[in-house]
Amino acid sequence: MKIGRIVNTCGFPAALSAIALGMASHANAVLEEVIVTTQKRAEPLQSLPLAVTAISGEELSNMGITDIKGVTERTPGFTMGSFNAGQPQLYIRGIGSNEDSPAGDQSVIVFVDEVYIGRSAGMDVDLFDLERVEVLRGPQGTLFGKNVVGGAVSMITTKPTEETVMKFEAGIGNFQAINFRGLVSGELADNVFGKVSFSSRRRDGYVESRAADYPQFFNPANVFDLDDVQQSDLNTDSVRGHLRFTPSSEMEINVSANFSRMDQAGPGRHFIGAADGSSIWHTAESQLIANYDDEIHTNVAEDAGFSKIDISGVTARIDYDFPAFTFTSLSSFRKVESKISNLIFGTPGQTNLLLSNGGAPLLSGSNPYTDDSDTYTQEFRFTSNGGGKLQWVAGLYYLQEQTVRNETGPIGVFGSDGAGGSIAFVPIGDGGGFGDNTTDSYAIFGQFTYAITDRLSLSVGGRQTWEEKDYLSIGTPTPLAVARDYTLNLSEDWSAFTPKVTIDYQFTDDAFVYFTYSEGFKSGGFPGGGGNVEIASTGFDPEEAILYELGAKTEWFDNRLRLNVAAFQTDYTDLQILQLLVPLDADPNDPGNLITQNAADAEINGVEIEFTIAPIDNLIIQGSYTSLDTEFSDFFIPAGFRAPSTAGGAAPDRTGNSLRNAPESAYNILIRYEHELGNGGAMRYQMDHRYKDEVVQDPDELEFAKVPEYDLTDFRVSYMAPEDQYQVTLWMRNAFDEDYFLHNFPVQGSGFATPAMPRSYGVTFSWNR
């Protein structure tokens, strides 16, 4: 197979919707060419000097992937934590963020139709109506910009079609699951095409409370409601409209609007105990639930909490082809409104129950907050046309984002009253932190690729970014944070130049190698609600990553085996670390406050392998393997602070410890077999297995705060009617009912873990016209 260097320009014609993840047709074992647009032009994946995983919309459906968690499990080096529905934490190759300040940023960014999605509450969207998902691994500071220090997730939606197309899908499953999605697309008038798509998903919670077994501890008015306390349910609706105009052969205009709503309970929690038995919450809850360590989907929650998130947006794109280049204007506005309340510790009734047998004092309270953001972006881009030796892309970019977050901390300390109840040692207060941040970011960028010979190419690019943040921070004291009393107007600006240099060589038609040097940065910011004025006014600087990557993309045995390998080293500096710190002038017994500061440097080394095999007609085997070695090369206490007195005032030695959400090894493998039936239809059988090693969740590598390793296996059996008129699929996820966790972090000596979904199964019917 001859691999072409440039397939098309950045107009991205609708024909690209036919691409697949290297999968063969029913009767052809030759792997199909995969086209991606990660460098702002359409290019074959096998001649792209970049580590990219591309999954087509068809493959998302075939694998049963409906959310970004499913993408992470099929992508090398990609891991996701889930504190709650509004705070997904994306990590690629050990780089990510758990920062939730309105003046902080994420390290892995989601893009929808090239539109920047910076707030975590807007990232975990339903995956429907997609042409493909592309995951770019490693810093992407040149073409994608700020905060893409770990990588980027680019989702490309389908365009309105010229022919009338209708697709509908319905499914049911256990936990009362019911799902609907579909689209209608076609010509509305001469040179005007339209599309409407929708998705609706429902499912009961899989974490159940046993608080109803202990009615004597709760408010009588709530007792009858306790039977219905479920957490980790699903309730989402999404709709998208899209118009495409082609007034001339040179111009295409695309305008789209979207709205989605989530309204569901909070995530269920399970406590993991420390080996020395000192875990306060684990000890308390395990006394009430038999075989507690094995019953990860049960708790004694009195309040299920809630997550309510509304997301809306409008995007307008104009592409105009001049003889030498294509001009693109991309404008967007996006609004995210979040209202979330999580039962972080316990309600008074739950506290009474847990203290009924005595025991150490417990924190009791919740963590309600609102997080609303408005983001406007504008990009002007110029992309070369034609097949000359020099190909280039250059542009200007502007982003303005305003985020308002109001987070309260009504938390107190309760102890046993010796008579089966509790007494408040520290009463619950209603104070907290309010933050209003405005970010203005400007950038100029360019990337130039020159074909030195027919097989050897050199690419050089760079991006200059200027950014300013203006932040209003208001702290209101609580009994546990009496010093949180301030009003601050803070402002800071930063600039960064992020270059990229790549050299690649096409050894043969089926063997392509490259070496890349790339830089990326994550913006600085301010804390989201410090315990006192000194902490709240102490900002943090940007963090930076430098990537060295050597990769090979190969095809073998007459295009029946595709094997891609990337080996890399990332030097990661000035990490923004959330840790417990005490100001130098504080009381000797001050327990400290959680604060984000530039406190570490790290080194990341790894190897990633992706493969697709078509050994015989109708059989596909594909998968990936990742090996990661991450460690803090330096870890320090920032100036003006010390470690808590419980540590003797000395900084804990964390040098050599692993980074968060960076499994040492992970792999996935999918086996799919299809065979045709006598009536012209076909059957498809599929097995999908994934493994991830344990990951740490804090700089001290606390054992009880880790997310343990897990194996998952899914099965799918599909009947495809003649001419693909309809399809019926029986599916089972987590078929062997593995108990595993989505997230974990330490609190009062216990791991505060979020259980993942147990075994689920159902049937899905889809119809196409």
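Look above for the structure.
Residues numbered from 1 in each chain as written. Predicted model: local features only at pLDDT ≥ 70, side-chain atom pairs only at ≥ 80, totals over all residues. Heavy atoms only, no water.

**Focus: the pairing of strand E16 (residues 251-264)**
In terms of strand pairing, strand E15 (residues 234-245) meets E16 through 10 bridges, oriented antiparallel. Paired with Arg-244 across the two strands is Asn-254, which belongs to E16. Counting the residues in the hairpin turn of E15 and E16 gives 5 residues. The pairing of E16 with strand E19 (residues 306-321) spans 14 bridges and is classified as antiparallel. (Pairing = 2+ DSSP bridges. Helix = DSSP H or I, 4+ residues; strand = E, 2+ residues; numbered from the N terminus.)

**What about a nonpolar patch on the surface?**
Residues Phe-168, Ile-172, Ile-178, Phe-180, Val-184, Val-196, Phe-198, Val-239, Phe-259, Tyr-726, Phe-765 and Trp-767 make up a contiguous nonpolar surface patch of about 970 Å² in total accessible area. Listing elements by their share of the nonpolar patch, those giving two or more residues are strand E10 (165-173), strand E11 (177-189), strand E12 (192-203) and strand E42 (760-768). In terms of residue count, E11 provides more of the nonpolar patch than any other element does, 3 residues in total. Considering the arrangement of structural elements, one finds Ile-172 in strand E10. (Patch = residues over 30% accessible without salt bridge, like charges linked within 9 Å, V, L, I, M, F, W, Y side chains within 5 Å. Areas by Shrake-Rupley, 256 points an atom, 1.4 Å probe, with all protein chains shown as cover. Salt bridge = Lys/Arg side-chain N within 4 Å of Asp/Glu carboxyl O.)

**Let's talk about empty space enclosed by the protein**
To find the voids left in a structure, one rolls a probe of water-molecule size over its atoms. Counted as a void, the second largest cavity has a volume near 300 Å³. As for the second largest cavity, its lining consists of 25 residues, and the residues nearest its centre are Val-112, Thr-157, Arg-240, Asn-258 and Arg-334. Elements that contribute at least two residues to the lining of the second largest cavity include exactly strand E7 (115-117), strand E9 (151-157), E15, E16, E19 and strand E20 (325-341). If one sorts the elements of the lining of the second largest cavity by residue count, E16 sits on top with 5 residues. In the lining of the second largest cavity, the residues fall into 13 nonpolar, 8 polar and 4 charged. (1 Å grid on protein atoms, 1.4 Å probe; cavity = no way out; pocket = protein on both sides within 12 Å on 5 of 7 lines; lining within 4 Å. Points joined across faces, edges and corners; volume = space filled by probe spheres on them. Nonpolar A, V, L, I, M, F, W, Y, C, P; charged D, E, K, R; others polar.)

**A closer look at the sheet that holds strand E21 (residues 362-365)**
An order of E21-E24-E25 is seen for the 3 strands of this open sheet, with the pairing classed as antiparallel. Sheet topology places E21 and strand E25 (422-426) at the edges, where each strand pairs with a single neighbour. Averaged over neighbouring strand pairs, the angle between their axes works out to 45° when direction is ignored. In this structure, E21 lies alongside strand E24 (residues 411-416), joined through 4 bridges in antiparallel fashion. Bridging from a neighbouring strand, Leu-362 pairs with Phe-414 of E24. (Axes fitted to C-alpha atoms, helices over the stretch in contact; angles between N-to-C directions.)

**So, the nonpolar core**
Note that soluble globular proteins tend to have their nonpolar side chains buried in a common cluster. One finds Val-71, Leu-90, Val-110, Val-133, Val-153 and Met-155 to be the most contacted residues of the largest nonpolar core, which totals 52 residues. Examining the composition of this core, we find that 5 residues originate from one element, strand E6 (residues 108-112), more than from any other. Those residues in contact with Val-153, other than ones at most four positions away along the chain, are Ile-68, Phe-78, Val-108, Ile-109, Val-110, Phe-111, Val-133, Glu-134 and Val-135. Within the second largest apolar cluster, 24 residues are counted, among which are Tyr-214, Ala-301, Leu-353 and Leu-354. (Core = buried A, V, L, I, M, F, W, Y, C linked by side-chain atoms within 4.5 Å. Buried < 20%, exposed > 50% of the residue type's maximum accessible area, 1.4 Å probe, protein only. Contact = heavy atoms within 4.5 Å.)

**With respect to the packing of aromatic side chains**
Applying the stated criterion across every chain yields a total of 25 aromatic pairs. Measuring from centroid to centroid gives 5.1 Å for Phe-111 and Phe-144, while their planes differ by 70°, and the two rings are edge-to-face. You can see Phe-111 sitting in strand E6 and its partner Phe-144 sitting in the loop between strand E8 (130-137) and E9, a full 33 residues away along the chain. Exposure class is identical for Phe-111 and Phe-144. Each is buried. Through pairs of rings, three or more aromatic residues link up here, namely Tyr-320, Phe-322, Phe-325, Phe-327, Phe-380, Phe-382 and Trp-392. (Phe/Tyr/Trp six-rings, centres within 6.5 Å; stacked < 30°, edge-to-face > 60°.)

**So, the pattern of salt bridges**
As enumerated under the stated definition, the model contains 40 salt bridges in all. In this structure, the salt-bridge partner of Asp-100 is Arg-405, at a minimum N-O distance of 3.4 Å. Remark: Arg-405 occurs in strand E23 (residues 390-408) and Asp-100 occurs in the loop between strand E5 (88-92) and E6; sequence separation between them is 305 residues. Judged by its relative accessible area of 4%, Arg-405 falls in the buried class. A single network of salt bridges, built from pairs that share partners, joins Lys-40, Glu-114, Arg-317, Asp-319, Glu-379 and Arg-381.

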